[in-house]
Amino acid sequence: MRSLPHPDVQEIALDQVLSALADPIRRVIVSQLAGGHDDQACIAFDLPVTKSTSTHHFRVLREAGIISQRYRGTAILNCLRDEELAERFPGLLDAVLAEDSEVQGTTATAAAARRL
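The rules behind these values
- Residues numbered from 1 in each chain as written.
- Predicted model: local features only at pLDDT ≥ 70, side-chain atom pairs only at ≥ 80, totals over all residues.
- Heavy atoms only, no water.
- Helix = DSSP H or I, 4+ residues; strand = E, 2+ residues; numbered from the N terminus.
- Expected span 1.5 Å × (residues − 1).
- Buried < 20%, exposed > 50% of the residue type's maximum accessible area, 1.4 Å probe, protein only.
- Polar contact = N/O pair within 3.5 Å; in protein donor to acceptor, adjacent residues only side chain to side chain.
- Salt bridge = Lys/Arg side-chain N within 4 Å of Asp/Glu carboxyl O.
- Core = buried A, V, L, I, M, F, W, Y, C linked by side-chain atoms within 4.5 Å.
- Contact = heavy atoms within 4.5 Å.
- Pairing = 2+ DSSP bridges.
- Axes fitted to C-alpha atoms, helices over the stretch in contact; angles between N-to-C directions.
- Phe/Tyr/Trp six-rings, centres within 6.5 Å; stacked < 30°, edge-to-face > 60°.
- Lys NZ or Arg CZ within 6 Å of the ring centre and 35° of its normal.

Engineer: Would you explain helix α2 (residues 24-35) in this entry?
Structural biologist: Each full turn of the α-helix corresponds to 3.6 residues, which orients residues three or four apart in the same direction. In a regular helix each residue adds 1.5 Å, so twelve residues correspond to 16 Å; α2 covers 16 Å between its end C-alpha atoms and thus fits that length. Considered for burial, the residues of α2 that qualify are Ile-25, Arg-26, Arg-27, Ile-29, Val-30 and Leu-33. Capping the start of α2 is the job of one residue whose side-chain oxygen sits 2.8 Å from the backbone nitrogen of Ile-25: Asp-23.

Rendered as structure tokens:
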């Protein structure tokens, strides 16, 4: 069976996690995983990028230790490593998700106000 390399919890580096989460596309992926269920296939994400760029974003998140990926047939399933990240960097992921949600809410509110 094919497998993909993932860093152990103690190998997850703060600078890699922050760098990975700095990209808005990768935050969309993380937010969708946090708000949904585990084991979402890459095709389940409606991202405004090409398939190859999408693959790059998933690889960055996996190599940073933010998500885990595993093969099921030809599909790659993604799972947020939220418990492991909370163990390594308590509160970090929650803070990023909360801030991103707040920014998205502000953007949606501003867009709605412009329509009025």
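Engineer: Explain the pattern of salt bridges to me, please; I cannot follow it from the model alone.
Structural biologist: Opposite charge on two side chains makes pairing possible when the charged atoms of those side chains draw close. Per the stated rule, a full pass over the model turns up three salt bridges. A salt bridge links Glu-63 to Arg-59, with the nearest nitrogen and oxygen atoms 3.3 Å apart. Highlighted residues: Glu-63 and Arg-59, both in helix α3 (residues 51-64), separated by four residues, approximately one helical turn. Glu-84 is the partner of Arg-81 in a salt bridge, and the nearest nitrogen-oxygen pair spans 2.7 Å. Accessibility expressed as a relative area gives 30% for Glu-84, which makes it partly exposed.

Engineer: So what exactly am I meant to see when it comes to the nonpolar core here?
Structural biologist: A general feature of soluble globular proteins is that nonpolar side chains tend to end up buried together. Membership of the largest hydrophobic core comes to 23 residues, with the highest contact counts inside it found for Val-17, Ile-29, Val-30, Leu-61, Ile-66, Ile-67 and Leu-80. Elements represented by at least two residues in this core include exactly α1 (14-21), α2, α3 and α5 (92-115). Every residue in contact with Val-30, bar those within four places of it in the chain, is listed here: Leu-21, Leu-61, Ile-66, Leu-80, Leu-93 and Leu-97.

Engineer: Explain the environment of Phe-45 here, please?
Structural biologist: In this fold, Phe-45 is placed in the loop between β1 (40-41) and α3. Sequence spacing of Phe-45 and Val-28 is 17 residues, and the spatial spacing of their C-alpha atoms is 8.8 Å. Non-local contacts of Phe-45, meaning those with residues more than four positions away in its chain, are made with Ile-29, Gln-32, Leu-33, Gln-40, Phe-58 and Asn-78.

Engineer: Sorry, what's going on with the environment of Leu-21 here?
Structural biologist: Relative to the helices and strands, Leu-21 is located in helix α1. It is 8.9 Å that separates the C-alpha atoms of Leu-21 and Ile-66, two residues lying 45 residues apart in sequence. Ignoring any residue separated from it by four or fewer positions in sequence, one finds Leu-21 in contact with Arg-27, Val-30, Ile-66 and Val-96.

Engineer: Could you clarify how one ought to interpret the sheet that holds β1 in this entry?
Structural biologist: Pairing between sheet strands relies on hydrogen bonds along the backbone, with the strands arranged either parallel or antiparallel. Read across the sheet, three strands follow the order β1-β3-β2 without closing on themselves; strand pairing throughout is antiparallel. The open sheet terminates on both sides in strands that have one partner only, identified here as β1 and β2 (67-72). Judged from the two bridges that link them, β1 and strand β3 (residues 75-80) form a sheet pairing that is antiparallel. What sits directly across from Ala-41, in β3, is Leu-77. Across the face of the sheet, α2 comes into contact with β1, β2 and β3 while running at roughly 75° to β3.

Engineer: For this particular structure, what's the right way to read the packing of aromatic side chains?
Structural biologist: Summed over the entire model, instances satisfying the criterion amount to one aromatic pair. Ring centres of Phe-45 and Phe-58 lie 5.2 Å apart, and the angle between their planes is 70°; on these two criteria the pair is classed as edge-to-face. Placement of Phe-45 in the loop between β1 and α3 and of Phe-58 in helix α3 is noted, with a sequence separation of 13 residues between them. Comparing Phe-45 with Phe-58, the two get one shared label, buried. Directly above the aromatic system of Tyr-71 lies the positively charged group of Arg-2, at a separation of 3.8 Å from the ring centroid.

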